[in-house]
Amino acid sequence: MSAIPPTASSKIQFSKSQAIAMLTPSIGQGGNNQLSIQLNVKDTPSYVLSNVGGFKDVASKINVVSYDKLQRTVGVIYVDEENDDIPVKDCGTAVDSAKQICVRPGKNKFLDTQISLRDSLGIDEVTRDAVIMAGRNKVCNSLAISKNIATPEIHCSLSTLKDSLNKIYQGTNVIFTDISKYPSKHLAINYDYDRDGLLDAVGTTEIRFLKNSVADSIKLAGDQFDYYLILVKNAKYIRGLAWLGRGGLFESNPRLFRFVLINVQPHLDRSIRTFTNTVGHELGHGCFDLQHPFDEKVILNKGYKKGSDPHNFMDYQDGHKSRKYQWNQIHENDKISRPGGRDY
Ligand SMILES: [Zn+2]
């Protein structure tokens, strides 16, 4: 083995009964250390990842690899969907003219209101805004949407979230030192282009717009965290997702953001553990480029199926454990880019 860096943790953990038995030896720091460890392997591994290895013999000699401790921070961003239409006439009001404006957009210049089939879309000749007009029946039938869709508070404290993430990432030697709400107020972003009250799925204009708007807000407010966790109220077909990419409309100082997004509403009916594990799982994708074990080719070739590694937090989301090949990936892929951080 190579020299143990001074920052290395002296605890080494393997997943019990899955491939390698648990051991937490105390190792000296500095110099070259070769550890010979007697393992008492009680469980014969039913499945051993090829790049992890397993123990067949009761007594085995193993190499110990140490990793630098990675201290990381997460900014938690609540995003409300911005709806600020102005009702010029109340819904149901009879008016004098088919051209009477019933609803006009607010400061976001976007009509948030679902247009009634009995009303018509027009252009305000003064402001050039798209507006909703009364139409041939000369009655305003569209109910103006003027309230933001507010994202509810998550059902655990941020310190509980931090403790849970540190438990999940314990074996990887990643430590989350700061998980804080950022900025203190919710961001209001007008992403609901199709006016259905939901954030559309991956690859859509809505997601792209949300990502760019959040990135711009971070740049304006000051980029203080390694990763960002975006919380929204309602997202279509999404429980959690993660992405890596250049966000924002500012071309100078392009930042490769590592974002994780969680759909808060459906989590409120589930356990806190489901929520924290989903965040841990998505951080695995978005911040450390981990894949699902069942999606990785090396494993697919061996007929590996979803759930074959049930304790693994990248397999089933109720797992808390990880494997050495994932630790390697985390430390190989760990690149962050922000002012004061390391370049990507
Ligand atoms: Zn996943």
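Residues numbered from 1 in each chain as written. Predicted model: local features only at pLDDT ≥ 70, side-chain atom pairs only at ≥ 80, totals over all residues.

Draft legend 1. Main features of the overall build of the protein. Across its full length, the protein carries six helices and 10 strands. Relative to all contacts within the protein whose residues are 6 or more apart in sequence, the contacts with residues 24 or more apart total 66%. (Helix = DSSP H or I, 4+ residues; strand = E, 2+ residues; numbered from the N terminus. Contact = placed C-beta atoms within 7 Å.)

Draft legend 2. Structural context of helix α4 (residues 272-288). An ideal rise of 1.5 Å per residue puts 24 Å on 17 residues; α4 measures up with 23 Å between its terminal C-alpha atoms. Among the 17 residues in α4, 13 count as buried, and that is most of the element. Taken from the residues just after α4, Asp 289 is the one with a positive phi, measuring 60°. (Expected span 1.5 Å × (residues − 1). Buried ≥ 20, exposed ≤ 12 C-beta atoms within 10 Å, placed from the backbone.)

Draft legend 3. Quick look at the confidence of the model for the protein. When pLDDT is averaged along the protein, the result is 79, and 72% of the positions lie at 70 or above. Here helix α5 (residues 297-300) stands out as the least confident element of the protein, with mean pLDDT 55; strand β3 (residues 101-104) is the most confident, with 98. Here residues 1-61 scores under 50 on pLDDT; set against residues more than four positions off or in separate chains, the count is 88 contacts. Confidence over residues 339-344 falls short of pLDDT 50; this stretch has nine contacts with residues more than four positions distant or in other chains. (pLDDT = per-residue confidence, 0-100.)

Draft legend 4. Quick look at the environment of Lys 107. Along the chain, Lys 107 turns up in the loop between β3 and β4 (120-123). With 22 residues separating them along the chain, Lys 107 and Asp 85 place their C-alpha atoms 8.3 Å apart.

Draft legend 5. Layout of the packing of helix α1 (residues 158-168) against α4. For the pair α1 and α4, interaxial distance at closest approach is 9 Å and the crossing angle is 60°. Classified by the interaxial angle, the pair formed by α1 and α4 is oblique. Between α1 and α4 lies a crossing of right-handed hand. Where α1 approaches α4, its residues Thr 160, Leu 161, Ser 164, Leu 165 and Ile 168 are matched on the opposing element by Ile 272, Thr 276, Asn 277, Val 279 and Gly 280. Partitioning the contact of α1 with α4 into residue classes produces five nonpolar, five polar and no charged. (Axes fitted to C-alpha atoms, helices over the stretch in contact; angles between N-to-C directions. Parallel < 35°, antiparallel > 145°, perpendicular 65-115°, else oblique. Left-handed = near helix turned anticlockwise from the far one by under 90°. Nonpolar A, V, L, I, M, F, W, Y, C, P; charged D, E, K, R; others polar.)

Draft legend 6. Layout of the sheet that holds β4. The strand order across the open sheet built from four strands is β2-β3-β5-β4, with neighbouring strands paired in antiparallel fashion. Of all strands in the sheet, those bounded by a partner on one side alone are β2 (86-87) and β4. Judged from the two bridges that link them, β3 and strand β5 (residues 130-133) form a sheet pairing that is antiparallel. Pairing of Val 103 across the sheet is with Ile 132, part of β5. (Pairing = 2+ DSSP bridges.)

Draft legend 7. Region of interest: the nonpolar core. Formed by 48 residues in total, the largest nonpolar core has its most connected members in Ile 77, Val 79, Tyr 228, Leu 229, Ile 230, Leu 231 and Val 260. In terms of residues, this core owes the most to one element, strand β8 (residues 227-232), which gives six residues. If we skip the residues at most four places from it in the chain, Ile 230 touches Ile 77, Val 79, Val 214, Phe 259, Val 260 and Leu 261. With 10 residues, the next largest nonpolar core counts Val 103, Ile 132, Cys 140 and Ile 145 among its residues. (Core = buried A, V, L, I, M, F, W, Y, C linked by C-beta atoms within 7 Å.)

Draft legend 8. Summary view of the pairing of β4. Examined bridge by bridge, β4 and β5 share four bridges and lie antiparallel to one another. By the bridge assignment for β5, Gly 122 is matched with Val 131. In this antiparallel pair of consecutive strands, β4 and β5, the connection spans six residues, and Arg 128 shows a positive phi of 65°.

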